[in-house]
Amino acid sequence: MKPKATIKDVASLAGVSFKTVSRVINNEGSVADAMKEKVWKAIKTLDYKPNLSARGLRGAASAIGFIYDNPNSNYVIDMQSGILRECREQGYELIIHPCNADADDLVTEVMDMIHRSRVGGLVLTPPLSENTAILEQLAAKHVRFVRIVSGSNAPDHLSPCVYIDDRNAARNITEHLLELGHRDIAFLGGDEEHGSSGERLAGYRDALAAKGIAAPDSMFVPGTYSFESGVQRTRELLSRAQRPTAIFACNDEIAAGTLFAARIAGVDVPNQLSIAGFEDSPFSRQAWPNLTTAQQPTQVIAQRATRLLINSLRSTKYGQVIESEGFLPELLKRESTGPVAN
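Residues numbered from 1 in each chain as written. Predicted model: local features only at pLDDT ≥ 70, side-chain atom pairs only at ≥ 80, totals over all residues. Heavy atoms only, no water.

**Focus on the environment of Ser-62**
Then, number 1: Tracing the backbone shows Ser-62 in the loop between α3 (33-46) and β1 (63-68).
Then, number 2: Considering only alpha carbons, one finds Ser-62 and Leu-188, 126 residues apart in sequence, at a separation of 42 Å. (Helix = DSSP H or I, 4+ residues; strand = E, 2+ residues; numbered from the N terminus.)

**Quick word on α3**
Then, number 1: Taking 1.5 Å of rise per residue, the 14 residues of α3 would be expected to cover 20 Å, and the 20 Å separating its terminal C-alpha atoms lies within 8% of that figure.
Then, number 2: Along α3, the residues classified as buried are Lys-36, Val-39, Trp-40, Ala-42 and Ile-43. Buried residues of α3, viewed axially, fall in a sector of 155 degrees; they line one side. Across from the buried face of α3, at angles greater than 90 degrees, the exposed residues are Ala-34, Glu-37, Lys-41, Lys-44 and Thr-45.
Then, number 3: For α3, the secondary structure elements touched by its buried residues are α1 (7-14) and α2 (18-25).
Then, number 4: Where α3 ends, the next residue or the one after it, Asp-47, has phi of about 55 degrees, a positive value. (Expected span 1.5 Å × (residues − 1). Buried < 20%, exposed > 50% of the residue type's maximum accessible area, 1.4 Å probe, protein only. Arc of directions from axis to C-beta. Contact = heavy atoms within 4.5 Å.)

**Quick notes on α2**
Then, number 1: Those residues of α2 lying buried are Thr-20, Val-21, Val-24 and Ile-25. Taken end-on, α2 shows its buried residues confined to a sector of 135 degrees, consistent with a single buried face.
Then, number 2: Those residues of α2 that are buried lie in contact with α1 and α3.

In structure tokens form, the structure reads like this:
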């Protein structure tokens, strides 16, 4: 078995001193960019894994924080998996901190967490990644972070960003339902504080408007990203004199609740009601019939976001590296959607 590379091996290959390699690994700003590039190239070539315990978990060089508030456990698990995969490949630890996005002392809590754990940077997901107060405080304190947000492009140059084009993905789902002949399409929204809710609603409306269809306000039913919310709102829709022929739920968990409510009401899916979700979570694949949805590769998104953050941490100056990457969730046509009944 090939012996593990040491920090001295890295120094020798890069043609620098042991101390220079140490400063680069610990993200100390006294090393020139060209020298840092040589060191990181040597680290990659030798597949060198820094000894985190020996470095004493020194903030930016060793630990990344994931702060979140999201009711969707599948999303959180996939996000953690993607972040952790990149952290392991890059030699970083991961510190996870769930919180309440509605708490009055949220900003204080986040800053205290950073101070206690000495993380070098943060991965932020909605709704925290869209919280202006948190973003402004992090920027003021020169804390590096990456945001995962809903949008067709990066909202600004405040930090590295991964943006998800929920609007166009939602438009594609709605167009699929329209192509099947549906005109009475209801939309079940998610939590209002999540930007994705508004973006997906906008995509739904875009598709209808392109066909000259003015959806009545009654076809938009606000709610939360939960199974129970899907059940409750679908029951209300199915109790109406004029039922929708299709329901587009803002995520798969809501859609699974919609499917459950339809089954309890004796409504056949998709022959009497077509149902579509969003995200391609286990809910979409475990439900029967399987749910038409938009595939959002959460683990890949998390890994790419973490890579952008690490690139930022390894730059010599705060704000020097501002990279962004976009994703368009792919339409997956499954058995839960079908032609409108004649």
